[in-house]
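Here's the letter readout for the chains.
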Amino acid sequence: MPFEERDEIPEDVLEDLMEAEKELEREIKPKGEGKRRYPSNRDIIEVIKRMANYAYVDPEEFPKLVREELEKEGFYTGLVTDERIWRLYQSLVRSKAIRDYLGVM
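What counts and what doesn't
- Residues numbered from 1 in each chain as written.
- Predicted model: local features only at pLDDT ≥ 70, side-chain atom pairs only at ≥ 80, totals over all residues.
- Heavy atoms only, no water.
- Helix = DSSP H or I, 4+ residues; strand = E, 2+ residues; numbered from the N terminus.
- Buried < 20%, exposed > 50% of the residue type's maximum accessible area, 1.4 Å probe, protein only.
- Areas by Shrake-Rupley, 256 points an atom, 1.4 Å probe, with all protein chains shown as cover.
- Contact = heavy atoms within 4.5 Å.
- Salt bridge = Lys/Arg side-chain N within 4 Å of Asp/Glu carboxyl O.
- Axes fitted to C-alpha atoms, helices over the stretch in contact; angles between N-to-C directions.
- Parallel < 35°, antiparallel > 145°, perpendicular 65-115°, else oblique.
- Nonpolar A, V, L, I, M, F, W, Y, C, P; charged D, E, K, R; others polar.
- Core = buried A, V, L, I, M, F, W, Y, C linked by side-chain atoms within 4.5 Å.

A.B. asks: What should I look at first to understand the overall build of the protein chain in this one?
C.D. replies: Looking only at helices and strands, the protein chain has 4 helices and 0 strands in total. Secondary structure of the protein chain in N-to-C order comes out as α-α-α-α. Counting every position in the protein chain, which comprises 105 residues, the buried fraction comes to 25%. Accessible surface, the protein chain: about 8300 Å² in total, of which carbon and sulfur atoms supply 51%.

Put into structure tokens, the structure is as follows:
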């Protein structure tokens, strides 16, 4: 029997339907939406250490490559500066956590 205008949906049923619809929207929402996390120094250091395994990285391209790796991991890198990346790289070399594989120090 089709729904007719004179039929009314009880208010409690309508509220339940609206709540169920909101729940479905939350479940369906893609994971990519919303804010991305800003990387901490630890996150950047982990990427720098992984990049130490590459055979050769151009020092001029190094900060860009670090940002690209962070973005692949889902971080927001719009405010990660070259200076910050180089400062962390230098601190790793000085502490002998990695060798100066870029030859900049």
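Let us keep going from here.
A.B. asks: I'm lost on helix α2 (residues 41–51) in this one. Help?
C.D. replies: Side chains that are three or four residues apart share a direction in an α-helix, a result of its 3.6 residues per turn. Of the residues making up α2, those classed as buried are Asp43, Ile44, Ile45, Val47, Ile48 and Met51. Buried residues in α2 make contact with α3 (62–72) and α4 (82–94).

A.B. asks: Would you take a moment to explain the pattern of salt bridges for this structure?
C.D. replies: Side chains bearing opposite charge may pair, as long as their charged atoms lie close to each other. According to the stated counting rule, one finds 7 salt bridges in the structure shown. Across the pair Asp82 and Arg67 runs a salt bridge, and its minimum N-O distance is 2.9 Å. Of this pair, Asp82 sits in helix α4 while Arg67 sits in helix α3, and the two are 15 residues apart along the sequence. When its relative accessible area of 33% is taken as the criterion, Asp82 is described as partly exposed. Connected through shared salt-bridge partners, Glu61, Lys64 and Glu68 make up one network.

A.B. asks: I tried to follow the packing of α3 against α4 on my own but got confused; where do I start?
C.D. replies: Two packed helices can be described by the angle between their axes and the distance between those axes. At their nearest, the axes of α3 and α4 sit 9 Å apart, and the two run at 95 degrees to each other. By the angle between their directions, the pair α3 and α4 is classed as roughly perpendicular. Contacts from Phe62, Pro63, Val66 and Arg67 of α3 reach α4 at Asp82, Ile85, Trp86 and Tyr89. Within the contact of α3 with α4, the residues separate by chemical class into 6 nonpolar, no polar and 2 charged.

A.B. asks: It is not clear to me how the side chain of Glu69 should be interpreted in this structure. Could you clarify?
C.D. replies: Relative to the elements of secondary structure, Glu69 occurs in helix α3. If sequence neighbours within four positions are ignored, Glu69 has contacts with Val47, Arg50 and Tyr54.

A.B. asks: In this structure, what is going on with the nonpolar core? I would like to understand it.
C.D. replies: One recurring pattern in soluble globular proteins: nonpolar side chains tend to sit buried together. Counting 19 residues, the largest nonpolar core has Ile44, Ile48, Phe62, Val66, Tyr89 and Tyr101 as its most contacted members. When residues of this core are traced back to their parent elements, those giving at least two are α2, α3 and α4. Contacts of Ile48, omitting those with residues within four sequence positions, involve Phe62, Val66, Ile85, Leu88, Tyr89, Leu92, Ile98 and Tyr101.

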